[in-house]
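Letter by letter, the chains look like this.
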Amino acid sequence: MINTSKYSIGLGRDIHALVPGRRFMLGGVQLEADFGEDGHSDGDVLCHAVLDAVMGAVGIGDIGELFPPDDPSSKDESSLEMLKLCVYTTLKLSPWRIANIDSVVSCAAPSILPYRKAIQKSLAEALGIQETKIFVKGKSGNGIGDVGQGKAVEAIAVCLMERGGSW
Ligand SMILES: [Zn+2]
């Protein structure tokens, strides 16, 4: 079945453990912290959630299918590069264009707010869209669970696509 709607929405969600000795990457921007995401790639939780949201809206698979975790070539790979690859190899050939993306990153520390503009700019450049089409919000997790206690970082993203138009 083909989606013939004018709009299509996608949702992405990811969580990574935070461990010492790793870089803390969000949307391709490195945060100042002495810990970061554990993972096969660079672990950029926001890039992974955005990628899954975009892929879900287009309906062409998910991050695990495109970049299998057992593939040695994606070891420590930049997730922002994975996002760019996805856009230039699949999205540009599809009838869908990104209307907007909204996202929430939850981690106990550091605060996302000082990095928001840089993260939005980085993701917009990778996706080839205007900065006004992507928004990033930070939440602390309120001390609850692994996220609130600083053991993990979680990201959720939604992507609205519209048919036609230009990038
Ligand atoms: Zn991930």
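Each remark here, short or long, concerns the structure printed above.
Since this is a predicted model, take the numbers as computed values, not measurements.

Thoughts on the overall build of the chain
- For the chain, the helix and strand inventory stands at five helices and seven strands.
- Traced from its N-terminal end to its C-terminal end, the chain shows the element sequence β-β-β-β-α-α-α-β-α-β-α-β.
- Over its C-alpha atoms the chain spans a radius of gyration of 15 Å, differing by no more than 12% from the 15 Å that the globule rule assigns to 167 residues.
- Projected onto the principal axes, the alpha-carbon positions of the chain cover approximately 45 × 35 × 25 Å.
- Burial statistics for the chain: of 167 residues in total, 44% are counted as buried.
- The long-range share in the chain, meaning contacts at least 24 apart out of those at least 6 apart in sequence, stands at 73%.
- Summed over all atoms, the accessible surface of the chain reaches about 8,400 Å², with 55% contributed by carbon and sulfur.
- Counting 16 positive and 21 negative side-chain charges, the chain places the averaged centre of each group 9 Å from the other.

Let's talk about the sheet that holds strand 6 (residues 134-139)
- Across the sheet, five strands lie side by side as 4-1-7-5-6; this open sheet has mixed pairing. Among the strands making up the open sheet, the edge pair consists of strand 4 (35-37) and strand 6. With direction set aside, neighbouring strand axes in the sheet form an average angle of 20°.
- Across the sheet, helix 1 (residues 45-58) lies against strand 1 (7-20), strand 4, strand 5 (96-106), strand 6 and strand 7 (152-163), angled at about 160° from strand 1, the strand it touches most.
- The strands touched by helix 4 (residues 116-127) within the sheet are strand 5 and strand 6, with strand 6 carrying the most contacts at an inclination of about 140°.

Side note on a nonpolar patch on the surface
- There is a patch of nonpolar side chains on the surface, built from I9, L11, I156 and V158 and spanning about 360 Å² of accessible area.
- Secondary-structure elements contributing two or more residues to the nonpolar patch are strand 1 and strand 7.
- Relative to the assigned elements, L11 resides in strand 1.

What about the coordination of the zinc ion?
- Bound to the zinc ion are the protein donor atoms D14 (OD), H16 (NE2) and H48 (ND1), situated 1.9 to 2.1 Å from the metal.
- For the zinc ion, all donor residues lie on one chain, and their spacing in sequence is D-x1-H-x31-H.
- Using a relative accessible area of 18% as the deciding quantity, one classes D14 as buried.

Overview of the state of the cysteines
- One pass over the structure, following the stated rule, counts zero disulfides.
- Cysteine C47 shares no disulfide, and the gap to the nearest cysteine sulfur, in C86, comes to 11 Å.
- Its relative accessible area of 1% is what places C47 among the buried residues.
- Take C107: it sits in no disulfide, and the sulfur closest to it among the cysteines is that of C47, at 15 Å.

Quick look at helix 4
- End to end, helix 4 covers 16 Å across twelve residues, agreeing with the expected 16 Å (1.5 Å per residue, within 8%).
- Listing the buried residues of helix 4 in full gives I119, Q120, S122, L123, A124, A126 and L127.
- Against strand 2 (24-26), strand 3 (29-31), helix 1, helix 3 (79-89), strand 5 and strand 6 lie the buried residues of helix 4.
- Positive phi appears at G128, one or two residues downstream of helix 4, with a value of about 70°.

The rules behind each value
Residues numbered from 1 in each chain as written. Predicted model: local features only at pLDDT ≥ 70, side-chain atom pairs only at ≥ 80, totals over all residues. Heavy atoms only, no water. Helix = DSSP H or I, 4+ residues; strand = E, 2+ residues; numbered from the N terminus. Rg over C-alpha atoms; globule rule 2.2 N^0.38 Å. Buried < 20%, exposed > 50% of the residue type's maximum accessible area, 1.4 Å probe, protein only. Contact = heavy atoms within 4.5 Å. Areas by Shrake-Rupley, 256 points an atom, 1.4 Å probe, with all protein chains shown as cover. Lys, Arg positive; Asp, Glu negative; His and termini not counted. Charge placed at Lys NZ, Arg CZ, Asp CG, Glu CD. Pairing = 2+ DSSP bridges. Axes fitted to C-alpha atoms, helices over the stretch in contact; angles between N-to-C directions. Patch = residues over 30% accessible without salt bridge, like charges linked within 9 Å, V, L, I, M, F, W, Y side chains within 5 Å. Salt bridge = Lys/Arg side-chain N within 4 Å of Asp/Glu carboxyl O. Donors = N, O, S within 2.8 Å, 3.2 Å for Na, K, Ca; no water. Disulfide = S-S within 2.5 Å. Expected span 1.5 Å × (residues − 1).

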